[in-house]
Amino acid sequence: MSGRRPLAKDVPAVPRSPVPRRIPVVPLVLGLALLLAVSLGCGVALGAAGIGWARVFRFLWAGLTAGTVHVDDAAAYTIVWEIRLPRVVLGAVVGAGLAAVGVAVQAMVRNALADPFVLGISSGAAVGANAVILLGAFAGLGVWALSVSAFASALAAMTLVYAVARSPHGLTPLRLILTGTALAYGFEAVTTVMVFGAARGEAARSAMMWLLGSLGGATWAQVPLAAVTVAAGWTWLRWRAEALNALAMGDETSAALGVQPGRLRRELFLVTAAVTGTVVAVSGAVGFVGLMVPHVVRMLVGADHRRVLAVAPLAGAVLLVWADILSRLLLAPAELPVGVITAVVGVPAFLLLMRRGGYAFGGR
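Just so it is clear, the structure is predicted and the values come from calculations on it, not from any experiment.

## Concerning the overall build of the chain
Step number 1: Each helix and strand in the chain was counted, giving 14 helices and 0 strands.
Step number 2: Of the regular secondary structure in the chain, the N- to C-terminal order runs α-α-α-α-α-α-α-α-α-α-α-α-α-α.
Step number 3: Taken across its 364 residues, the chain has 49% of its residues classed as buried.
Step number 4: Residue pairs in contact within the chain that sit at least 24 positions apart in sequence constitute 76% of those at least 6 positions apart.
Step number 5: Accessible area for the chain stands at about 17,800 Å²; split by element, carbon and sulfur atoms hold 68% of it.

## Some thoughts on a nonpolar patch on the surface
Step number 1: Residues Phe138, Leu141, Trp144 and Val148 make up a contiguous nonpolar surface patch of about 370 Å² in total accessible area.
Step number 2: Along the chain, Phe138 turns up in the loop between helix H4 (121-135) and helix H5 (145-165).
Step number 3: Owing to a relative accessible area of 47%, Phe138 belongs among the partly exposed residues under this scheme.

## Points about the packing of aromatic side chains
Step number 1: If you walk through the whole model with that rule in mind, you get 4 aromatic pairs.
Step number 2: Sitting over the ring of Trp239, Arg240 keeps its end group 5.5 Å from the ring centre.

## Considerations on the side chain of His305
Step number 1: Topologically, His305 is positioned in helix H13 (residues 305-329).
Step number 2: The exposure class of His305 is buried, given its relative accessible area of 3%.
Step number 3: Discounting residues that sit within four places of it in the chain, His305 has contacts with Val103, Ala107, Ala241, Leu244, Asn245 and Ala248.

## Side note on the packing of helix H1 (residues 25-45) against H13
Step number 1: Relative to each other, H1 and H13 sit at 20°, their axes nearing to 9 Å. By the angle class used here, H1 and H13 are roughly parallel. Of the two possible hands of crossing, H1 and H13 adopt the one that is left-handed. Contacts between H1 and H13 involve Val25, Leu28, Val29, Leu32, Ala33, Leu35, Leu36, Ser39, Leu40, Cys42 and Gly43 on the former and, on the latter, Arg307, Ala310, Val311, Leu314, Ala315, Ala317, Val318, Val321, Trp322, Ile325 and Arg328.

## Overview of the pattern of salt bridges
Step number 1: The tally for this structure, following the rule as stated, stands at 7 salt bridges.
Step number 2: Its salt-bridge partner being Arg87, residue Asp324 comes within 2.8 Å of it at the nearest N-O pair. Of this pair, Asp324 sits in helix H13 while Arg87 is found in helix H3 (residues 74-109), placing the two residues 237 residues apart along the sequence.
Step number 3: Taking the shortest distance from any N to any O, the salt bridge between Glu267 and Arg240 comes out at 3.8 Å. Of this pair, Glu267 sits in helix H11 (residues 261-283) while Arg240 sits in the loop between helix H8 (223-239) and helix H9 (241-248), placing them 27 residues apart in sequence.
Step number 4: Take Glu267: its relative accessible area is 22%, and that puts it in the partly exposed class.
Step number 5: With relative accessibility at 22%, the residue Arg240 sits in the partly exposed group.

## Re the confidence of the model for the chain
Step number 1: Across the chain, the average pLDDT comes to 82, with 89% of residues at or above 70.
Step number 2: Long-range and interchain partners of residues 11-19, a stretch whose pLDDT sits below 50, account for 1 contact in this model, where long-range means more than four residues apart.

## What about the environment of Ser149?
Step number 1: Along the chain, Ser149 falls in helix H5.
Step number 2: Considering only alpha carbons, one finds Ser149 and Ala281, 132 residues apart in sequence, at a separation of 8.0 Å.
Step number 3: When sequence neighbours within four positions are dropped, the list of residues in contact with Ser149 reads Gly128, Ala129, Val132 and Phe138.
Step number 4: One polar contact links the side chain of Ser149 to the main-chain carbonyl oxygen of Gly128, over a distance of 2.7 Å.

## Focus on H11
Step number 1: Compared with an ideal rise of 1.5 Å per residue, which puts 23 residues at 33 Å, H11 spans 32 Å between its outermost C-alpha atoms and is within 8% of the ideal.
Step number 2: Positive phi appears at Gly284, one or two residues downstream of H11, with a value of about 80°.

## A closer look at the environment of Ala96
Step number 1: Relative to the assigned elements, Ala96 resides in helix H3.
Step number 2: Here Ala96 falls in the buried class, since its relative accessible area comes to 12%.
Step number 3: In this structure, the C-alpha to C-alpha distance between Ala96 and Val230, residues 134 residues apart in sequence, is 7.5 Å.
Step number 4: Apart from residues lying up to four places away in sequence, Ala96 is in contact with Val230, Pro313, Gly316 and Ala317.

## Digging into the side chain of Asn130
Step number 1: The topology assignment puts Asn130 in helix H4.
Step number 2: In this structure, Asn130 is in contact with Leu135, Thr191, Met194, Val195, Ala207 and Leu211, ignoring residues within four places of it in sequence.

## Some words on unusual backbone geometry
Step number 1: Positive phi values are uncommon outside glycine, yet Phe288 reaches one of about 80°.
Step number 2: Mapped onto the secondary structure, Phe288 falls in the loop between H11 and helix H12 (289-301).

## With respect to the environment of Ala107
Step number 1: As for its position among the elements, Ala107 is in helix H3.
Step number 2: For the pair Ala107 and Arg265, spaced 158 residues apart in the sequence, the C-alpha separation amounts to 9.3 Å.

Cut-offs applied
- Residues numbered from 1 in each chain as written.
- Predicted model: local features only at pLDDT ≥ 70, side-chain atom pairs only at ≥ 80, totals over all residues.
- Heavy atoms only, no water.
- Helix = DSSP H or I, 4+ residues; strand = E, 2+ residues; numbered from the N terminus.
- Buried < 20%, exposed > 50% of the residue type's maximum accessible area, 1.4 Å probe, protein only.
- Contact = heavy atoms within 4.5 Å.
- Areas by Shrake-Rupley, 256 points an atom, 1.4 Å probe, with all protein chains shown as cover.
- Patch = residues over 30% accessible without salt bridge, like charges linked within 9 Å, V, L, I, M, F, W, Y side chains within 5 Å.
- Salt bridge = Lys/Arg side-chain N within 4 Å of Asp/Glu carboxyl O.
- Phe/Tyr/Trp six-rings, centres within 6.5 Å; stacked < 30°, edge-to-face > 60°.
- Lys NZ or Arg CZ within 6 Å of the ring centre and 35° of its normal.
- Axes fitted to C-alpha atoms, helices over the stretch in contact; angles between N-to-C directions.
- Parallel < 35°, antiparallel > 145°, perpendicular 65-115°, else oblique.
- Left-handed = near helix turned anticlockwise from the far one by under 90°.
- pLDDT = per-residue confidence, 0-100.
- Polar contact = N/O pair within 3.5 Å; in protein donor to acceptor, adjacent residues only side chain to side chain.
- Expected span 1.5 Å × (residues − 1).

See the structure below:
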């Protein structure tokens, strides 16, 4: 046998996996911000009641500057400023919150199929909301009854999930998923009993509308609390983005990098529960946003949570604003639950993304 060392040309080439190209974050954020502004304008201008774009912008300017409108335009002004505008603003806030929390939950439980509702919080909120819609609970709170009851029952569900899932070793991903899933089925059973036992058919219809998600009852009074909660949760997640990167690689790796996985997971649980409970209380159980948006964003910008959390809220806001627009237009003047639109759009889009080669949780 010859002792000649093989030349480079004699060694067969080893095919390399293509490295996906990442879109720069700053241009993407600016583009999504512009798209969101356009989407908000479309959400205000489009609807069953035909109001021209010129009148819409005139009404918006009058509302922003405390101007006056002609008495003949009072009804149209009310539609634009008191009904459509808070609705699209709240839709953007809810979409941003669900997307940001979806990123956090998937890192917390290290499961690509997790979403903000995997902890059973939305199912718990549904019990409180349906107690108001179907049984008239908290009637003394007036217009706040639905939101207060849904949020209170979401907090109760969060406490129960935490108490059951907690072990001497802390909150582990598997226990969180199993506990949240099991209790969610229990909460859904209670809600189903309420719906089937409802004496009024219209009340049952309203309950089903809420269970599938709806922004039809949006008011200006609901926007501040939801916006502040989502902004505070997103700010905290961005601050802990490096820790989320470590947690996504496993508990042993994160501990080696100086991150306490048990403590971080408890903090994430509280933040995601608070944001999820708040947005569910004002919009119902809008599904699929927190599951699909994080995947799409990771494919665009990579798995680094600093980049993902910069883009995901804007993408979620745009998605939910347009889903709400479609829910109002497809069967106008009737209205579809917005959760139906997110599912119809999201299911095929998500399946298409999963069939693409070279993608797994973590951005590889």
